[in-house]
2 protein chains.
Amino acid sequence: MTSKDVARVAGVSQSTVSYVMSGKRPISERTRRIVEDAMEQLTYQPNAGARALASQRTQIIAVVMPFDVALGATGLMAFIEEITLAARARDHDVLIVTAEEGVDGLRRVAGRALCDAVVVMEVSSDDPRAAIARELRVPTLFIGFPDDAEGLHCIDFDFEDGARLLVGELAANARVAALVWGSETVDRGLNYVPRFRAAAQAAAAAAGVALDWVPLERDRVEEQVRAVLAGGCEALLVTAHLNRVVHAVQEAGLRPGTDLDLVALATDVEATGFTVPLTAVSTHPRDVSRQAMTWLFDLLEQGSGPAQVQRVPASVTRRSSVRTGPTPRVPRP
Amino acid sequence: MTSKDVARVAGVSQSTVSYVMSGKRPISERTRRIVEDAMEQLTYQPNAGARALASQRTQIIAVVMPFDVALGATGLMAFIEEITLAARARDHDVLIVTAEEGVDGLRRVAGRALCDAVVVMEVSSDDPRAAIARELRVPTLFIGFPDDAEGLHCIDFDFEDGARLLVGELAANARVAALVWGSETVDRGLNYVPRFRAAAQAAAAAAGVALDWVPLERDRVEEQVRAVLAGGCEALLVTAHLNRVVHAVQEAGLRPGTDLDLVALATDVEATGFTVPLTAVSTHPRDVSRQAMTWLFDLLEQGSGPAQVQRVPASVTRRSSVRTGPTPRVPRP
DNA sequence: TTGTAAGCGTTATCAG
DNA sequence: CTGATAACGCTTACAA
């Protein structure tokens, strides 16, 4: 089943069939109808390989995914779903590349012309893929900021903004414990950790609250939470192991929104998955990927534009995990 | 950068370069070295489109993914990671197709020759994709069992087996409440729900325990758990909304493994994400996908073998959420 | 408005 | 063991 068959049935030349599909030259209404009928009748579908070969366009976006996610499965899924939908909306498909493949993965999908563009997730400060990306034949979009973003296209959630908002929600407290990403994440060089930290500390200082920075370690989460609670802290800012933290709080007989304040950096579904819905800043994985894809297709259509860095703004959703009432609250900066 | 360039540099014919890569005909050690050196020097990579066109092989596996997962993000991610790794291990790549595309998605990736094979996840009883699959030019593997599996290749976790094991773990109790998938999942026609149910009830009957079947509805989970607890039930078998169920239990002041027995059908990471690690049957997403991919590549190499149905065996991991001690336990069937 | 024909970069068949 | 060369199915000048 090829365009040649369609041409024969329609009684036109094969190139006409091609032009009917691409619309790259005027076709009389009559011929168009005839050809389209023939295609319909034969349930013709163009061969992707042939098309890629002739047009130098695969209509495929490669996405480099980290499966051992710091991000959490929920966020990752949202990312990839949104990316796939955005791609399909523009008649493209998505190819998955494991981050495990490292720089070779990038070289492979670009070098073999398997794709027209690449999206790289969970980029670290000293990401070796940055260097490769600068020389790739295809536009590449990084989700996350390497230290040297020169010549790259990078986009990320605005963690600084998120930190400020979260601290703002807790500003009625004299002391806040930030229960955050532990060495597992820090060691991977994901620089949103220091970015978030710096902003959180600045915001805390400005609001006059003491911020206790507590990186949570996988095998000690409960213990760490208990320690913080035992210290009399009544305001928790959580960015990691949310589930276990909330459990531990409850086990200590405390209830967010009643006995203490708890805010989180989490997706909406995570924040609402508890008995007490949590006031949270969403990492907006969907917004990030939507914006990333819009940008990527711009690059694809208008040629690689100027390199730059984009941030997706943060926003708080107030739910029931922060005490309201007579306690005086300082407005957020 | 094409094989022609490599040929020129190596001083051989282009076809020789091709044969060096494919190994499909004897090449003298000398020529092979020369050619390989040239490839190295030019960092040559074969063009995927051209190769697909000429060989009728894309080296791509399409995976149809449901993003609004009944399965849970963790399980889904495990699936896709394992599938991707298995594919890469055999020099294939993975293309993501959203389940949302329905039958058209299948038609598209097969019809356009975008892939060599397809994996379809979360197959329902009356899945319309089953009919399409029978006529596809590419081997198709279903994860899940449609009612009519005639002529199809289907694989799934052995939910019946899982149900039996889980009931077995609770057999010391006179009454067990099964907190299971609600209408959301049932309505999608995922037939592992009835499969699990039938097996659970049979096992309960055999063990002389009364089984209360409680489909959990998204907006009433906590309420439903409280009701079950209020009824004095001390044995919970959970297959859905695990997080919220455990929370609710704890909020009721009860502790699994101390005040009541709780077992779950969940991935290992889910089962161990609580203060009390849960005795659970893992749905083994990784085993399922590994086995699926092995089978798929067999089909790819040996031509579509006989259609059949495969089940991935269940197993319990005993942790600390079931009370042990003097209570008499009946052995599982 | 349409047809003809030259690629695109491989694979694989003939010859040698 | 190796070299020509004809596909593979499409896109896109170049002609008409």
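Conventions adopted
Residues numbered from 1 in each chain as written. Chains lettered and ligands numbered in written order. Predicted model: local features only at pLDDT ≥ 70, side-chain atom pairs only at ≥ 80, totals over all residues. Heavy atoms only, no water. Helix = DSSP H or I, 4+ residues; strand = E, 2+ residues; numbered from the N terminus. Rg over C-alpha atoms; globule rule 2.2 N^0.38 Å. Buried < 20%, exposed > 50% of the residue type's maximum accessible area, 1.4 Å probe, protein only. Areas by Shrake-Rupley, 256 points an atom, 1.4 Å probe, with all protein chains shown as cover. Lys, Arg positive; Asp, Glu negative; His and termini not counted. Charge placed at Lys NZ, Arg CZ, Asp CG, Glu CD. Pairing = 2+ DSSP bridges. Axes fitted to C-alpha atoms, helices over the stretch in contact; angles between N-to-C directions. Least-squares fit on C-alpha atoms with pLDDT ≥ 70 in both. Contact = heavy atoms within 4.5 Å. Near = heavy atom within 4 Å. Polar contact = N/O pair within 3.5 Å; in protein donor to acceptor, adjacent residues only side chain to side chain. Nonpolar A, V, L, I, M, F, W, Y, C, P; charged D, E, K, R; others polar. Buried area = accessible area lost by both parts, 1.4 Å probe. Salt bridge = Lys/Arg side-chain N within 4 Å of Asp/Glu carboxyl O. Domains from an automatic or database assignment. Parallel < 35°, antiparallel > 145°, perpendicular 65-115°, else oblique. Left-handed = near helix turned anticlockwise from the far one by under 90°. Arc of directions from axis to C-beta.

Labelled according to an unreviewed UniProt entry, chain A appears under the name LacI family DNA-binding transcriptional regulator, originating from Kineococcus endophyticus.

For chain A, the helix and strand inventory stands at 14 helices and 12 strands. Relative to its length of 333 residues, chain A is extended, with a C-alpha radius of gyration of 25 Å against a globular reference of 20 Å. Taken along the three principal axes of its C-alpha coordinates, chain A extends 85 × 40 × 35 Å. Looking at chain A residue by residue over its 333 residues, the buried ones come to 55%. Of the roughly 14,100 Å² that chain A leaves accessible, carbon and sulfur atoms contribute 49%. Computed over 35 positive and 42 negative side-chain charges, the inter-centroid distance for chain A is 5 Å.

Read from one edge to the other, the open sheet built from 12 strands follows the order 11(A)-5(A)-4(A)-3(A)-1(A)-2(A)-2(B)-1(B)-3(B)-4(B)-5(B)-11(B), with strand pairing classed as mixed. With one partner strand each, in any of the chains shown, strand 11 (308–312) of chain A together with strand 11 (308–312) of chain B form the two edges of the open sheet. The mean angle between the axes of side-by-side strands here comes to 25 degrees, regardless of whether they run parallel or antiparallel. Bridge analysis of strand 1 (residues 60–65) of chain A against strand 2 (residues 93–98) of chain A gives six bridges, and the strand direction is parallel. Directly across from A:I61, in strand 2 of chain A, lies its bridge partner A:V94.

For the pair chain A and chain B, the relating rotation is 180 degrees, the translation along its axis is 0.0 Å, and the fit reaches an RMSD of 0.1 Å. These values place the two chain copies in the arrangement generated by a two-fold rotation axis. Most of the interface of chain A is mirrored in chain B: 100% of its interface residues are interface residues there too.

What follows concerns the environment of A:A200. All names here are of chain A. Counting through the fold element by element, A200 comes out in helix 10 (residues 192–207). Separated by 55 residues in the primary sequence, A200 and R255 have C-alpha atoms spaced 24 Å apart. Look past the residues within four positions of A200 in its chain and what remains in contact with it is A163, V167, L211 and W213.

Here we take up the protein's contact with DNA strand D. Around DNA strand D lies a shell of 26 residues, among which A:S3, A:S18, A:Y44, B:R25 and B:T31 are the nearest. Close to the protein, within 4 Å, the atoms of DNA strand D are drawn from sugar and phosphate at a rate of 53%. Contact between DNA strand D and A:S18: a phosphate oxygen at 2.6 Å from a side-chain N or O atom of the residue. Contacts to DNA strand D include B:T16, whose side-chain N or O atom sits 2.6 Å from a phosphate oxygen. Those elements giving two or more residues to the surface near DNA strand D turn out to be helix 2 (14–22) and helix 4 (48–55) of chain A together with helix 2 (14–22) and helix 4 (48–55) of chain B. Of the residues assigned to the surface near DNA strand D, the class counts are 10 nonpolar, 12 polar and four charged.

As a further point, take the interface of chain A and chain B. Interfaces are often sized by the accessible area lost when the parts come together. Taken together, the 45 residues of chain A in the interface contact 46 residues of chain B. A combined buried area of about 4,200 Å² lies between chain A and chain B, and 57% of that area is made up of carbon and sulfur atoms. Taken as a group, A:M77, A:R112 and A:H247 account for 16% of the area that chain A buries against chain B, more than any other trio of residues on that side. If you look at where chain A meets chain B, you find six salt bridges. In this structure, A:R255 and B:E251 form a salt bridge, with 3.0 Å as the shortest nitrogen-oxygen distance. Counting across the interface, chain A meets chain B through 16 residue pairs in polar contact (both at pLDDT 80 or more). Of all the elements in the fold, those that place two or more residues in the side of chain A that touches chain B are helix 4, strand 1, helix 5 (73–89), strand 2, helix 6 (102–111) and helix 12 (242–251) of chain A.

Around DNA strand C, a shell composed of 27 residues is seen, among which A:T16, A:R25, A:T31, B:S18 and B:Y19 lie nearest. Per the 4 Å cut-off to the protein, sugar and phosphate atoms form 52% of the nearby atoms of DNA strand C. Between DNA strand C and the protein, one listed contact pairs a phosphate oxygen with a side-chain N or O atom of B:K24 at 3.1 Å. Between DNA strand C and B:Y44, the relevant distance is 2.8 Å, taken from a phosphate oxygen to a side-chain nitrogen or oxygen of the residue. Split into classes, the residues belonging to the surface near DNA strand C amount to 10 nonpolar, 13 polar and four charged.

Here we come to the domain arrangement of chain A. Its domain assignment divides chain A into domain 1 (3–55), domain 2 (60–157 + 285–312) and domain 3 (159–282). Relative to domain 3 of chain A, the C-alpha centre of domain 1 of chain A lies at a distance of 59 Å.

Attention now goes to helix 8 (residues 159–169) of chain A. Residue and element names in this part refer to chain A. Burial analysis of helix 8 places nine of its 11 residues in the buried class, the great majority of the element. Three or more residues of helix 8 are buried, namely F159, E160, G162, A163, L165, L166, V167, G168 and E169. Taking the backbone nitrogen of E160 as reference, a side-chain oxygen 3.2 Å away marks D158 as the first, capping residue of helix 8.

Remark: helix 12 of chain A packs on helix 12 (residues 242–251) of chain B, axes separated minimally by 10 Å, with the N-to-C direction vectors making an angle of 15 degrees. One element, helix 12 of chain A, and the other, helix 12 of chain B, form an angle in the roughly parallel class. The crossing of helix 12 of chain A and helix 12 of chain B is right-handed. In this structure, helix 12 of chain A uses A:N243, A:V246, A:H247, A:Q250 and A:E251 to contact helix 12 of chain B, whose residues at the interface are B:N243, B:V246, B:H247, B:Q250 and B:E251. Classifying every residue of the contact of helix 12 of chain A with helix 12 of chain B gives two nonpolar, six polar and two charged.

Residues and elements named next belong to chain A. Turning to helix 2, its buried residues number three or more, namely T16, V17 and V20. All buried residues of helix 2 lie within an arc of 105 degrees about the axis, which places them on one face of the element. Of the surrounding secondary structure, the elements contacted by the buried residues of helix 2 are helix 1 (3–10) and helix 3 (29–42). Once helix 2 finishes, G23 follows within two positions and takes phi at roughly 65 degrees, a positive value.

Before going further, it helps to spend a moment on the sheet that holds strand 7 (residues 210–215) of chain B. Read from one edge of the open sheet, six strands run 7-6-8-9-10-12 (chain B), paired in mixed fashion. Both edges of this open sheet fall to strand 7 and strand 12 (316–317) of chain B, since each of them pairs with a single strand only.

Attention now goes to unusual backbone geometry. Residue and element names in this part refer to chain A. Even without being a glycine, Q56 presents a positive backbone phi close to 60 degrees. Positionally, Q56 belongs in the loop between helix 4 and strand 1. With relative accessibility at 61%, the residue Q56 sits in the exposed group. Unusually for a residue other than glycine, A113 sits at a positive phi of about 55 degrees. Among the secondary structure elements, A113 is positioned in the loop between helix 6 and strand 3 (117–120).

All names here are of chain B. Assignment of secondary structure puts T58 in the loop between helix 4 and strand 1 (60–65). Among the polar contacts listed, one links the side chain of T58 to the backbone nitrogen of I60, at a separation of 3.1 Å. Among all residues touching T58, those that are not within four sequence positions of it are A52, A113, L114, C115 and D116.

This part takes up the pattern of salt bridges. Applying the stated criterion to the full structure yields 62 salt bridges over all chains. Here A:D93 and A:R88 are joined by a salt bridge, their closest N and O atoms 3.8 Å apart. Exposure remark for A:D93: the relative accessible area of 4% places this residue in the buried category. Notably, a salt bridge pairs B:D104 with B:R107, separated by 3.5 Å at the nearest N-O pair. One end of the pair is B:D104 and the other is B:R107, both in helix 6 (residues 102–111) and three residues apart, which spans about a single turn. Residue classification places B:D104 among the partly exposed positions, given a relative accessible area of 48%.

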